[in-house]
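# Survey of secondary and tertiary structure
Here are the chains, one letter per residue:
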Amino acid sequence: MITSQKGTRDLLPPETRAWNGVERTAREVFSLYGFDEIRTPTFEATELFVRSVGEATDIVHKEMYTFTDRGGRSVTLRPENTAGVARAFVEHRLAQAGGVHRLYYVGPQFRYERPQKGRFREFRQIGAEVLGPADPATDAEVLVMLFDLLGRLGFTGLSVALNSVGTAECRPAYVEALQSFFASKEGSLDEDDRRRLAENPLRILDSKNPALQLLLADPGLPSMLDFLDEDSRGHHEELLALLTASRIPFRIEPRLVRGLDYYTRTVFEVTARGLGAQDALLGGGRYDRLVSDLGGPKTPGIGFAIGEDRLLDVLPAATRAAFLAEGAPQVAVVPLGAEDVAEGLAVAGELRRGGIRAELDTSAKGPGRGIKNALKKEIPLVVLLGEEERRKGTFVVKDLAASKQGEHLRARLLEVVGALVKPAPAT
Ligand code: AMP
């Protein structure tokens with residue numbers, strides 16, 4: 001038997017209904033905020049990720065699915081989508097049109113990580129990016145939209161962890177402070193930490209080395225917030241004021257740096273209880289130099305990516321139930337004999353035109369089996385069509401939950417069945 005690859009998985013029905021419900025809600029919310037969808041390729045030139053995500057990050061250093069194609073090019077399955085969006089933005093000269101570009105995406109990403117709960121090698125992200133404005137109001141609106149979406153999905157009690165990683169101008173002084181803090185503590189550093197400290201010191205704050213956790217909690221550890229230049233500090237404070245005014249629950253997390261190099265100023269993350277060790281539900285931040293680093297005109301940007309696999313893991317039960325119910329068939333139409341199949345097709349068609357989800361069951365060939373099949377699939381109503389009904393111009397409908405049965409005129413099909421179909425629970 002050939003099985004799915006390690007770290008990948010099949011999403012099967014009815015669970016896929018919950019995924020579709022989440023994606024539909026995200027699309028609805030994004031469109032309310034003026035966002036449009038962008039779809040970029042799942043593989044890109046390797047260089048794109050090396051230049052944007054950063055050479056010294058874990059993603060580029062050890063997690064990329066990189067291969068040489070038959071034409072001798074080095075290509076990589078995208079480990080994240082912001083780089084692809086920025087690449088497309090530059091390639092299609094979207095900046096020339098001026099204004100604000102609000103884009104969202106939904107799709108698979110690939111990282112060669114050690115699979116565990118909430119961590120896959122192929123996983124899905126729902127993300128959004130705003131390209132153009134540099135003001136903190138944009139950061140605030142992105143977070144307002146995010147919390148709007150999470151709220152509509154039924155999440156409560158979440159808060160966003162927030163930090164500023166400053167700019168390329170003010171970071172060197174902080175990096176120096178970090179390096180001198182760790183200089184005397186070489187013993188607690190593992191090989192990865194030492195590489196980080198030398199190549200990309202901010203990354204050390206991301207270290208998963210248990211021996212380092214104590215040091216990272218040390219009150220003497222320098223905080224980036226103390227090194228912000230005036231503009232970055234102003235940006236950060238204005239954002240906090242806007243979030244407070246918008247009632248977005250946040251907390252400052254001075255050690256939050258996120259695993260990608262392109263961030264400037266605002267970075268944020270939302271974690272959720274119930275996710276276990278991989279508790280980051282989503283992450284994002286501002287990237288004011290990414291577009292220009294990729295050869296485009298100076299265009300600030302900000303965005304986030306929700307880990308959809310993790311979101312589904314902790315999706316509130318009522319929301320999940322509502323999404324599952326939305327896709328479930330409502331009526332089984334059972335022709336009792338071969339001569340009743342044409343009538344079955346017509347009845348099912350009429351119900352569907354009336355917006356009722358009807359499943360034709362030609363395998364039953366009898367009322368008993370038809371009801372059994374419906375019960376097994378949790379279909380609450382069965383319409384039985386036999387020779388007698390055809391002759392009389394009627395149909396029989398069985399309400400399995402109420403154990404009730406009635407015979408009605410065929411002309412009243414939609415009216416009768418429509419009244420029996422329970423309205424889907426509100427989300
Ligand atoms: P990042 O692109 O690293 O900022 O990650 C954004 C979000 O994607 C994280 O908060 C996770 O929810 C999700 N994510 C990242 N890596 C994985 C993975 N290997 N498996 C599942 N979800 C992931």
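The sections below set out a description of the structure shown in this document. (Residues numbered from 1 in each chain as written. Predicted model: local features only at pLDDT ≥ 70, side-chain atom pairs only at ≥ 80, totals over all residues. Heavy atoms only, no water.)

Strand order in this open sheet of three strands is β2-β4-β3, and the pairing throughout is antiparallel. Each edge of the open sheet is held by one strand with a lone partner, namely β2 (43-45) and β3 (65-68). Here the average twist between neighbouring strands, direction ignored, is 30 degrees. Bridging between β2 and strand β4 (residues 74-77) involves three bridges; their strand directions are antiparallel. Directly across from Phe 43, in β4, lies its bridge partner Leu 77. (Pairing = 2+ DSSP bridges. Helix = DSSP H or I, 4+ residues; strand = E, 2+ residues; numbered from the N terminus. Axes fitted to C-alpha atoms, helices over the stretch in contact; angles between N-to-C directions.)

Okay, the site of the ligand next. In the vicinity of the ligand, 16 residues are found, and the nearest of them are Arg 111, Glu 113, Phe 120, Arg 258 and Ala 280. Residue Leu 282 places a main-chain N or O atom 3.4 Å away from an oxygen atom belonging to the ligand. Within the backbone of Gly 307, an N or O atom sits 3.4 Å from an oxygen atom of the ligand. For the shell around the ligand, the elements supplying multiple residues, two or more each, are β6 (122-131), β10 (280-286) and β11 (301-307). Per-element accounting of the shell around the ligand gives the leading share, four residues, to β10. (Near = heavy atom within 4 Å. Polar contact = N/O pair within 3.5 Å; in protein donor to acceptor, adjacent residues only side chain to side chain.)

Here helix α9 (residues 230-245) spans 22 Å end to end across 16 residues, near enough to the 22 Å set by a 1.5 Å rise per residue. For α9, the set of buried residues is Ser 232, His 235, His 236, Leu 239, Leu 240 and Leu 243. Here the buried residues of α9 occupy an arc of 130 degrees about the axis, which is enough to place them on one side. Pointing more than 90 degrees away from the buried face of α9 are the exposed residues Glu 230, Asp 231, Thr 244 and Ala 245. Its buried side turned inward, α9 meets α5 (136-152), β7 (160-164), β8 (250-252), β9 (266-271) and β10. (Expected span 1.5 Å × (residues − 1). Buried < 20%, exposed > 50% of the residue type's maximum accessible area, 1.4 Å probe, protein only. Arc of directions from axis to C-beta. Contact = heavy atoms within 4.5 Å.)

Going through the model one piece at a time under the given rule, you end up with 37 salt bridges. When the shortest N-O distance is used, the salt bridge between Arg 73 and Asp 69 registers 2.9 Å. The class of Arg 73 is exposed, set by a relative accessible area of 52%. The class of Asp 69 is partly exposed, set by a relative accessible area of 22%. (Salt bridge = Lys/Arg side-chain N within 4 Å of Asp/Glu carboxyl O.)

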